[in-house]
Structures are given as structure tokens and as C-alpha cells.
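For reference, the chains in residue letters:
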Amino acid sequence: MDLARTRDELPELAGRVALVPTMGALHEGHRSLIRLAHKHADHVVVSVFVNPLQFGPSEDFSRYPRTFEQDLAACEAEGVAAVFAPSVEEMYPSPLQVTVSSGTMGTIVEGAVRPGHFDGVLTVVLKLFNLVRPDVALFGQKDAQQLAVIRRMVGDLNVPVEIVGAPTLREDDGLAMSSRNVYLSADERVRALALSRALRAGQAERAPSAVLRAAQAVLADEGIEPDYLVLVDPATFTEVDDRYYGTAVLAVAARIGTTRLIDNVLLEL
């Protein structure tokens with residue numbers, strides 16, 4: 001397995017290449033993405049880069065989990081061809097003048113709570129695409145709005161990369177796997193299960209208004225006031241009403257203690 005810190009150190013790989021972009025602190029969810037990537041390409045490249053552009057001034061960039069040696073071991077065990085782990089200086093050698101705008105999609109739902117977040121996501125993803133030059137890139141459905149804005153960027157800008165979304169991987173108790181789960185105390189982790197319970201309660205309903213009522217009731221029982229609880233079109237992330245039919249995303253974000261968690265499920269209306 002090659003370790004590349006710069007563009008020049010990236011190996012030339014013959015055949016189809018898949019990229020799995022990560023911010024490190026790899027868990028089983030990331031490893032499942034890597035295994036899926038092997039089914040879509042001859043070689044898999046994993047990027048490990050904690051991107052400062054997608055963190056707000058009051059967010060956890062400095063304390064975001066960093067477990068680089070364990071990440072390398074996980075990648076090697078999963079048969080990764082190369083790990084691309086650039087420094088901030090390598091990715092952003094000079095102050096940026098030109099960035100990618102996520103448009104209206106980046107200002108709603110998660111983007112309303114974290115202004116500029118999706119601009120930072122799209123800017124780094126496009127840079128990674130230009131550096132690694134993959135044929136296909138894989139992203140988890142847990143970050144459903146991220147997946148939606150990346151698909152839109154690729155379509156709007158004619159980026160020659162196939163985007164594959166992978167199902168959310170969960171712990172045995174239902175908690176969505178996340179690098180931020182390590183921040184939770186034992187009591188907070190139990191309380192955090194209300195998020196997945198709320199989503200399951202919503203899944204049991206069919207009318208959009210009933211979906212939201214059922215999910216909100218679970219959160220209220222636990223005393224959780226979410227940043228948002230929305231039912232949205234998976235392609236645009238605009239909220240849907242009782243006239244809507246088809247696939248929708250029920251998404252939630254809430255702070256458990258000092259840790260902010262997001263989760264979502266797909267459902268048919």
C-alpha cells in the first residue's frame with residue numbers, strides 16, 4: 001500500500017480507480033465503504049484529510065478525532081492501493097480566491113445551521129477529484145445532504161466521476177456509526193439512541209405530516225430539542241408535504257451533551 005502526501009507521490013494505477021474520501025478516524029462504516037469500492041473498481045484510494053473549510057469557527061476542527069496510524073492499518077487490511085493524506089498546506093498552498101458554491105441546496109437544513117459548510121465540502125471534494133482523478137467515488141448515506149450536493153455538483157459541472165452512495169452502517173443498538181461517537185459518555189450514548197428510535201417511528205408512517213409527528217414525539221419524550229427534524233426530497237433537500245409521493249429522507253440533527261449528531265433514513269411515501 002502506498003502512502004502519498006503530495007500529488008506527485010500518488011501512484012499511477014492502471015484500470016478503474018475508486019476514491020473513498022474520509023476525514024480519518026476510520027470505523028466499520030468507512031471500512032464497509034472501502035469494501036463496496038472494491039466492487040466498483042480495480043483499485044481503491046482512500047483520502048484522509050480533516051478539511052478546515054467545512055468547520056465553522058465554533059466547531060470541533062482542533063479536537064476532531066485523529067487516529068492516523070490505526071487508519072493506515074485499517075486501509076492496509078482492506079486492500080487499499082493507496083492512502084492520500086495531504087497536509088493543509090498541500091491542499092491549500094495559498095489563500096483561496098475561487099471556491100465551489102453549493103447554491104441554495106447548501107443553505108437549507110444542515111446548511112442553515114452550519115453556514116458555508118457545504119461550500120467547504122464541495123471545494124475539497126472537487127480538489128480531491130482533480131488530484132486523485134478517480135472513475136468513481138463513494139460516500140455514505142448517513143451524510144445524506146452531503147451526498148445530494150455532491151451529486152448536484154458533479155451533474156452541474158460535468159465532473160467525470162460516478163458517485164455511489166452507500167447505506168448507513170449502525171451499531172447493534174441502532175446508533176449510526178460516526179467518528180464523533182467517541183465523544184459521548186456512557187449516559188449520553190444511551191440518550192443518543194432516541195435519534196434512531198425517532199427515525200424508525202417516522203418510518204412506520206406514510207403521510208408526511210404523520211411521519212414528522214411520530215418522530216418528534218420520540219425526541220420530545222427524551223427531552224431532545226433537535227436542530228432540525230425534516231422530511232425532504234432526497235435530490236434537492238427541499239421539504240415535502242402531504243401531497244408528496246415517492247422516496248423521501250427523514251433527517252435529524254441534535255446535540256447530545258456537547259456532541260452534535262446527525263442521522264437519517266430513506267422511506268417511501
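Here's a quick rundown of the structure. Keep in mind that what you see is a predicted model, and the values were worked out from it rather than measured.

Cut-offs applied
- Residues numbered from 1 in each chain as written.
- Predicted model: local features only at pLDDT ≥ 70, side-chain atom pairs only at ≥ 80, totals over all residues.
- Heavy atoms only, no water.
- Helix = DSSP H or I, 4+ residues; strand = E, 2+ residues; numbered from the N terminus.
- Rg over C-alpha atoms; globule rule 2.2 N^0.38 Å.
- Buried < 20%, exposed > 50% of the residue type's maximum accessible area, 1.4 Å probe, protein only.
- Areas by Shrake-Rupley, 256 points an atom, 1.4 Å probe, with all protein chains shown as cover.
- Lys, Arg positive; Asp, Glu negative; His and termini not counted.
- Charge placed at Lys NZ, Arg CZ, Asp CG, Glu CD.
- 1 Å grid on protein atoms, 1.4 Å probe; cavity = no way out; pocket = protein on both sides within 12 Å on 5 of 7 lines; lining within 4 Å.
- Points joined across faces, edges and corners; volume = space filled by probe spheres on them.
- Axes fitted to C-alpha atoms, helices over the stretch in contact; angles between N-to-C directions.
- Parallel < 35°, antiparallel > 145°, perpendicular 65-115°, else oblique.
- Left-handed = near helix turned anticlockwise from the far one by under 90°.
- Contact = heavy atoms within 4.5 Å.
- Nonpolar A, V, L, I, M, F, W, Y, C, P; charged D, E, K, R; others polar.
- Phe/Tyr/Trp six-rings, centres within 6.5 Å; stacked < 30°, edge-to-face > 60°.
- Pairing = 2+ DSSP bridges.
- Expected span 1.5 Å × (residues − 1).

1. Considering the overall build of the protein chain
And then number 1: Looking only at helices and strands, the protein chain features eight helices and nine strands.
And then number 2: Taken against the 2.2 N^0.38 rule, which gives 18 Å for 269 residues, the C-alpha radius of gyration of the protein chain at 19 Å falls within 12% of a compact globule.
And then number 3: Principal-axis analysis of the C-alpha atoms places the extent of the protein chain at approximately 55 × 40 × 40 Å.
And then number 4: For the protein chain, with 269 residues in total, the buried portion stands at 51%.
And then number 5: Here the protein chain has roughly 12,600 Å² of accessible surface; of this, 51% comes from carbon and sulfur atoms.
And then number 6: Charge-centre separation for the protein chain: the mean point of 25 positive side chains lies 2 Å from the mean point of 36 negative side chains.

2. A look at the layout of surface pockets
And then number 1: Size it by volume and the second largest pocket reaches roughly 230 Å³.
And then number 2: What lines the second largest pocket is a set of 13 residues, and nearest its centre among them are Pro 11, Glu 12, Leu 13, Val 132 and Arg 133.

3. Some thoughts on the packing of helix α5 (residues 117–132) against helix α6 (residues 144–156)
And then number 1: At a minimum axis separation of 10 Å, α5 and α6 run at an interaxial angle of 55°. Taken together, the axes of α5 and α6 are oblique relative to one another. Read as a crossing pair, α5 and α6 show a hand that is right-handed. Contact with α5, carried on its side by Phe 118, Val 121, Leu 122, Val 125, Leu 126 and Phe 129, involves Gln 145, Gln 146, Val 149, Ile 150, Met 153 and Val 154 of α6 and no other residues of that element.
And then number 2: Here the contact of α5 with α6 is composed, by residue class, of 10 nonpolar, two polar and no charged.

4. Observations regarding the packing of aromatic side chains
And then number 1: The full count for this structure, using the stated rule, is three aromatic pairs.
And then number 2: Where Phe 49 meets Tyr 92, the ring centres are 6.1 Å apart and the plane angle is 55°; that geometry is what we call tilted. Pair noted here: Phe 49 is in the loop between β3 (43–48) and α2 (68–77) and Tyr 92 is in the loop between α3 (88–91) and α4 (110–113), with a separation of 43 residues, a long-range link.
And then number 3: Tyr 92 sits in the buried class, given a relative accessible area of 12%.
And then number 4: Measuring from centroid to centroid gives 5.9 Å for Phe 55 and Tyr 64, while their planes differ by 80°, and the two rings are edge-to-face.

5. Some details on the sheet that holds strand β5 (residues 136–140)
And then number 1: Strand order in the open sheet formed by six strands is β1-β4-β3-β2-β5-β6, with parallel pairing between adjacent strands. With one partner strand each, in any of the chains shown, β1 (2–4) and β6 (162–166) form the two edges of the open sheet. On average, each strand axis in the sheet is inclined to that of its neighbour by 25°, with strand direction left out of account.
And then number 2: As judged from the three bridges shared by β1 and strand β4 (residues 82–84), these two strands associate in the parallel manner. Bridge pairing links Leu 3 to Val 83 in β4.
And then number 3: Those strands touched by α2 are β1, β3 and β4, and its axis lies near 170° from that of β3.
And then number 4: Packing of α5 onto the sheet brings it into contact with β2 (17–22), β3, β4, β5 and β6, and relative to β2 it is tilted by some 145°.

6. Some thoughts on unusual backbone geometry
And then number 1: Phi at Ala 25 is positive, roughly 50°, even though this residue is not glycine.
And then number 2: Here Ala 25 shows up in the loop between β2 and α1 (28–40).
And then number 3: Ala 25 gets classed as buried once you look at its relative accessible area, which sits at 10%.
And then number 4: Of note in this structure, Asn 158 is not a glycine but carries a positive phi near 55°.

7. So, the pairing of strand β7 (residues 228–232)
And then number 1: β7 sits mainly inside the fold: five of its five residues count as buried.
And then number 2: Where burial is concerned, the two faces of β7 agree: the one with Tyr 228, Val 230 and Val 232 and the one with Leu 229 and Leu 231 are both buried.
And then number 3: Pairing analysis gives five bridges linking β7 to strand β8 (residues 247–256), with the strands arranged antiparallel. Bridge assignment links Val 232 to a residue of β8, and that residue is Val 249.

8. Here we look at α5
And then number 1: For α5, spanning 16 residues, the distance from its first C-alpha to its last is 23 Å, which sits close to the expected 22 Å at 1.5 Å a residue.
And then number 2: The buried count for α5 comes to 13 of 16 residues, which makes it a mostly enclosed element.

9. Some remarks on the sheet that holds β8
Sheet strands pair by backbone hydrogen bonding; their relative direction is either parallel or antiparallel.
And then number 1: Pairing is antiparallel in the open sheet, where three strands are placed in the order β7-β8-β9. A strand with exactly one partner marks an edge of an open sheet, and here the two such strands are β7 and β9 (259–268). Neighbouring strand axes in the sheet, compared pairwise and without regard to direction, differ in orientation by 15° on average.
And then number 2: Inspection of the sheet shows β8 paired to β9 by 10 bridges, in the antiparallel sense. When the sheet's bridge partners are listed, Ile 256 is paired in β9 with Thr 259.
And then number 3: Contacts from helix α8 (residues 208–221) reach β7, β8 and β9, with the element oriented near 155° to β7.

Keep in mind these numbers describe shape, not what the thing actually does.
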